[in-house]
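Descriptive analysis of the structure
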Amino acid sequence: MNTLLLHCRPGFENEVCAELSEHAARLDIPGYARAKPATAYAEFICMDADGAERLMRQLRFPELIFPRQWARGTGFTTLPEQDRIGAILEALAGFPQCGSLWLEVFDTNDGKEQAGFLRRFVPLLEAALAEAGQLRKDSPHLPRLHLFLPGGETALLGLSLASEGSTWPMGIPRLRMPKDAPSRSTLKLAEAIQTLLTPEEQQSTLRPGLQAVDLGASPGGWTWQLVSR
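The present account deals with the structure reproduced in this document.

Procedures and definitions
- Residues numbered from 1 in each chain as written.
- Predicted model: local features only at pLDDT ≥ 70, side-chain atom pairs only at ≥ 80, totals over all residues.
- Heavy atoms only, no water.
- Helix = DSSP H or I, 4+ residues; strand = E, 2+ residues; numbered from the N terminus.
- Contact = heavy atoms within 4.5 Å.
- Areas by Shrake-Rupley, 256 points an atom, 1.4 Å probe, with all protein chains shown as cover.
- Lys, Arg positive; Asp, Glu negative; His and termini not counted.
- Charge placed at Lys NZ, Arg CZ, Asp CG, Glu CD.
- Pairing = 2+ DSSP bridges.
- Axes fitted to C-alpha atoms, helices over the stretch in contact; angles between N-to-C directions.
- Parallel < 35°, antiparallel > 145°, perpendicular 65-115°, else oblique.
- Left-handed = near helix turned anticlockwise from the far one by under 90°.
- Nonpolar A, V, L, I, M, F, W, Y, C, P; charged D, E, K, R; others polar.
- Expected span 1.5 Å × (residues − 1).
- Buried < 20%, exposed > 50% of the residue type's maximum accessible area, 1.4 Å probe, protein only.

**With respect to the overall build of the protein**
The number of helices and strands found in the protein is eight helices and seven strands. Along the first, second and third principal axes, the C-alpha atoms of the protein reach 55 × 45 × 35 Å. Put simply, 69% of the contacts in the protein that link residues at least 6 apart link residues at least 24 apart. For the protein, the accessible area works out to roughly 12900 Å², and carbon and sulfur atoms hold 52% of it. Distance between charge centroids for the protein: 6 Å, based on 23 positive and 27 negative side chains.

**Describing the sheet that holds strand E2 (residues 31–34)**
As summarised here, the arrangement of the seven strands in space is E2-E3-E1-E4-E7-E6-E5, forming an open sheet in which the pairing is mixed. At either margin of the open sheet sits one strand with a lone partner, and together these are E2 and strand E5 (100–105). With strand direction ignored, the average angle separating the axes of adjacent strands in the sheet is 30 degrees. In the sheet, strand E6 (residues 144–149) pairs with strand E7 (residues 154–160) via five bridges, with the strands oriented antiparallel. Bridge pairing in E7 links Leu147 to Leu157. Set on the sheet, helix H2 (residues 51–58) makes contact with strand E1 (3–7), strand E3 (41–46), strand E4 (69–78) and E7; between it and E4 the angle comes to about 160 degrees. Each of E4, E6 and E7 is contacted by helix H3 (residues 84–91), which is oriented at about 115 degrees to E4, the strand it contacts most.

**Regarding the packing of helix H6 (residues 185–196) against helix H8 (residues 221–228)**
Across the interface, H6 lies against H8 with an axial gap of 7 Å and an inter-helix angle of 50 degrees. Judged by the angle between their axes, H6 and H8 are oblique. H6 and H8 meet at a crossing whose hand is right-handed. Residues Ser185, Thr186, Lys188, Leu189 and Ala190 of H6 form the contact with H8, whose own contacting residues are Gly221, Trp222, Trp224, Gln225 and Leu226. Its residues assigned to classes, the contact of H6 with H8 shows five nonpolar, four polar and one charged.

**Things to note about helix H5 (residues 115–131)**
Under the 1.5 Å per step criterion, the end-to-end length of H5 is 24 Å for 17 residues, consistent within 8% with the ideal 24 Å. Within H5 the residues assigned to the buried category are Phe117, Leu118, Phe121, Leu125, Glu126, Ala128 and Leu129. A positive phi of about 80 degrees marks Gly133, the residue just after H5.

This is the structure we're talking about:
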């Protein structure tokens, strides 16, 4: 598994490639990055068989700027319409057992169209993986299995440890709009807090009795977020 698969915002593919190329060169891990515009993902192909694993081990994901999520994998797998599950099981030969399955799409219109398919497909795939001994939900210490679906005919398979990547599928927090908040901007600050601060840092930094200044507050969504915490 010498390929590093990376989620990003559409339009930032080149920035992901540049960022990973710089880190890989600094760490003396040979390889090259590639991406297509507006696809919301990039790949870094390592020359060494363990290159992707070394990159994930030596880089701290929260310190990266442009990637939203990452996993080390093998590249594209073709999914025949008649037997997608069979093709995935075959492609997973040689993969270790996994503790969870993360089915993800890319943050594009084409990717979002896969959401309905995923709702139907996930239970079937999980059952097949469990029967094959590939998925053990009772073992959260095992790697996460990522299945990226650029479209209905291809997939990208990858692995990550919970300590290595984002805690959210696709790297996008799914936050509910609080009914009492004065504006949706409150979600921007909530996402920033969850993304930039660890749970321990949140407890120590955001506690009763402290003061904050919301400069230019209108209509007050950030102030509401701070007060609620």
